[in-house]
Amino acid sequence: MAAEVLAEAGARVAVYDRMPSVARKFLMAGRGGLNLTHSEPMDRFAGRYGKRSAVLKPALDAFTPRDLRAWADSLGAETFVGTSGRVFPKAMKASPLLRAWLNRLEGLGVVIHLRHDWRGWDDEALLFDTHDGPLRVAADRTILALGGASWPRLGSDGGWMPLLESKGVEIAPFRPANAGFTTQWTQHFAEKFAGEPLKNIALSFGGKTVRGEAMLTRAGLEGGAVYALSGPLRDAIASYGHADLMIDLRPDMNAGQVASKLGRASAKDSLSNRLRKALNLSPAAIGLVHETKASDIKAVPLRLSAMQGLDRAISSAGGIRFEAVTPGFELKALPGVHAIGEMLDWEAPTGGYLLQASFATAVTAARDVLADT
Ligand SMILES: Cc1cc2nc3c(=O)[nH]c(=O)nc-3n(C[C@H](O)[C@H](O)[C@H](O)COP(=O)(O)OP(=O)(O)OC[C@H]3O[C@@H](n4cnc5c(N)ncnc54)[C@H](O)[C@@H]3O)c2cc1C
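Novice: Could you clarify how one ought to interpret the site of the ligand in this entry?
Specialist: With respect to spatial proximity, 23 residues lie near the ligand, and among them Asp-17, Asn-35, Ser-156, Glu-342 and Leu-355 are the closest. Within the contact set of the ligand, a nitrogen atom lies 3.2 Å away from a side-chain nitrogen or oxygen of Asp-117. Backbone polar atom of Leu-354 to an oxygen atom of the ligand: 3.5 Å apart, as the coordinates give it. Protein contact buries 89% of the 1,000 Å² of open area that the ligand shows by itself. Of all the secondary structure elements, the ones that give two or more residues to the shell around the ligand are helix H2 (24-31), strand E6 (117-122) and helix H14 (353-371). The residue makeup of the shell around the ligand, split by class, is 10 nonpolar, 8 polar and 5 charged.

Below is the structure:
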């Protein structure tokens, strides 16, 4: 995105990526439908970045969710607003959009160099490891967009951290964000229900309730509703060694409605059959009631013991501290070098907020470079 803004203004731009092809994480995001952004009002949207809302707001204002939709539309990837307010391309995947985007960049003269692993600087020059040995590249300006540290096999492994730290850039350690959690399932439950969704549920923790969906995994629980609570859950586990999540399996009914439906069910039926017939609970939800020995399907307690690691997290918290960059995302310790996207120390839930902030910081950094040249 930064390359596009710069090249459109007439700059000569080269992009270097260590992988054999670009945008692997973007393509992976496409597997889930490519949730580009969200349609809610800007104040609520910006609030999703928590403590970083204020510092990201100017970038979000400079490249808004509406701008992102217009950009996708201009590449032939017409977008729509889903029932949850999330914005997706109609094709529900990333590859056609990426193809059109790469064509546009090529037309603008952007040159992409693959299998170039950035290793820092040699004097003033950028230093890359390539198949043909080390390569030194002189650049007037550099924008680093090396990503965070989740899903390292897609290219971003946070390996840049010590390189920048040694230059005096202040960095907060990486932690998983939007990741699943571990719990102690019995072997029987894990074998029977891993991979099964819990649909139309509500999860509560620390005074916050989120409606949505979760996925039972061998080790615990993951999915949108879990990710939305993952920051507070992660912090509670760090402080107390565990976090007690409450699951409401029928949030669309109140306790009285649940009791009366169950009361009308035949006493001869087993509990499982009553839950299925009277409340229409899925086998996985019924299994969970038995597994946790819950007495109330609107308050099924689940003790979470750990957050899953960076290797499977959707995104990472931590990265370059905002104190270390100017409002245009130029590194104070390294004038002429900007950093954008998940390299910066912000986090947000899933819902399109991750790509939106990555794109918005790219646009702001590119404009900052242009204003300075
Ligand atoms: C499974 C999954 C699903 C997701 N779904 C969504 C979604 O639907 N909506 C959403 O908003 N977000 C989603 N995200 C998050 C989103 O993809 C990221 O927030 C976004 O891609 C971050 O962009 P970035 O440019 O900062 O980093 P990245 O996309 O990680 O790009 C960084 C690039 O830098 C390259 N690189 C790293 N180090 C070096 C080096 N030393 N030398 C050369 N190149 C290097 C990498 O190869 C990579 O190409 C998803 C993430 C995952 C893992």
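Novice: Looking at this model, I keep getting lost on the sheet that holds strand E3 (residues 79-81). Mind explaining?
Specialist: For sheets, the rule is that strands pair by backbone hydrogen bonds, running either parallel or antiparallel. The antiparallel open sheet is built from 3 strands, whose spatial order is E2-E4-E3. With one partner strand each, in any of the chains shown, strand E2 (37-38) and E3 form the two edges of the open sheet. As defined by bridge partners, E2 adjoins strand E4 (residues 86-89) across 2 bridges and the pair is classed as antiparallel. When the sheet's bridge partners are listed, Thr-37 is paired in E4 with Val-87. Where helix H5 (residues 65-74) meets the sheet, it contacts E2, E3 and E4, and its direction lies at approximately 140° from that of E3.

Novice: Teacher, can you tell me more about the nonpolar core here?
Specialist: If you look at soluble globular proteins, the nonpolar side chains tend to sit buried side by side. Counting 66 residues, the largest nonpolar core has Trp-71, Leu-164 and Ile-320 as its most contacted members. Here this core takes 11 residues from H14, the largest share from any one element. Excluding residues within four positions of it along the chain, Trp-71 makes contact with Met-1, Glu-4, Phe-63, Leu-97, Trp-101, Arg-104 and Phe-359. Counting 42 residues, the second largest nonpolar core, distinct from the first, contains Trp-185, Phe-205, Ala-236 and Leu-304.

Novice: How do you make sense of the domain arrangement of the chain when you look at a structure like this?
Specialist: For interface size, the figure often reported is the accessible area lost on association. When its domains are assigned, the chain resolves into domain 1 (2-177 + 310-371) and domain 2 (181-307). Spacing between the C-alpha centres of domain 1 and domain 2 amounts to 36 Å. With 9 residues of domain 1 at the contact, the number on the domain 2 side is 8 residues. For the pair domain 1 and domain 2, the two sides together bury roughly 540 Å², of which 52% comes from carbon and sulfur. Contact with domain 2 buries surface across domain 1, with Arg-175, Pro-176 and Thr-350 losing the most and accounting together for 48% of the total. The tally of links from domain 1 across to domain 2 stands at 1 salt bridge. Notably, a salt bridge pairs Glu-347 with Arg-234, separated by 3.0 Å at the nearest N-O pair. Our count for the domain 1 to domain 2 interface comes out at 2 residue pairs in polar contact (both at pLDDT 80 or more). When residues of the side of domain 1 that touches domain 2 are assigned to their parent elements, the largest contribution, 3 residues, is made by strand E10 (residues 171-177). In the side of domain 1 that touches domain 2, the residues fall into 5 nonpolar, 1 polar and 3 charged.

Novice: Looking at this structure, I do not really get unusual backbone geometry. What am I missing?
Specialist: Residues apart from glycine generally show negative phi values, whereas peptide bonds are mostly found in trans. One non-glycine residue, Trp-151, adopts positive backbone phi at about 45°. When you line up the elements, Trp-151 lands in the loop between strand E9 (142-144) and helix H7 (161-165). We note that Lys-293 has phi near 55°; this positive angle belongs to a residue other than glycine. Residue placement: Lys-293 occurs in the loop between helix H13 (283-292) and strand E16 (300-304).

Novice: Can you help me understand the environment of Ala-360 in this one?
Specialist: Examined against the element boundaries, Ala-360 turns out to sit in helix H14. Ala-360 sits 293 residues away from Asp-67 along the chain, and the two C-alpha atoms are 9.5 Å apart. Residues contacting Ala-360, with those up to four places away along its chain left out, are Ala-59, Leu-60 and Phe-63.

Novice: Explanation requested: the environment of Arg-367 in the structure shown.
Specialist: Its place among the elements puts Arg-367 in helix H14. We classify Arg-367 as partly exposed; its relative accessible area is 44%. With 39 residues separating them in the primary sequence, Arg-367 and Gly-328 have C-alpha atoms 8.0 Å apart. Apart from the residues lying within four places of it in its own chain, the contact partners of Arg-367 are Val-5 and Ala-62.

Parameters and conventions
Residues numbered from 1 in each chain as written. Predicted model: local features only at pLDDT ≥ 70, side-chain atom pairs only at ≥ 80, totals over all residues. Heavy atoms only, no water. Near = heavy atom within 4 Å. Polar contact = N/O pair within 3.5 Å; in protein donor to acceptor, adjacent residues only side chain to side chain. Areas by Shrake-Rupley, 256 points an atom, 1.4 Å probe, with all protein chains shown as cover. Helix = DSSP H or I, 4+ residues; strand = E, 2+ residues; numbered from the N terminus. Nonpolar A, V, L, I, M, F, W, Y, C, P; charged D, E, K, R; others polar. Pairing = 2+ DSSP bridges. Contact = heavy atoms within 4.5 Å. Axes fitted to C-alpha atoms, helices over the stretch in contact; angles between N-to-C directions. Core = buried A, V, L, I, M, F, W, Y, C linked by side-chain atoms within 4.5 Å. Buried < 20%, exposed > 50% of the residue type's maximum accessible area, 1.4 Å probe, protein only. Domains from an automatic or database assignment. Buried area = accessible area lost by both parts, 1.4 Å probe. Salt bridge = Lys/Arg side-chain N within 4 Å of Asp/Glu carboxyl O.

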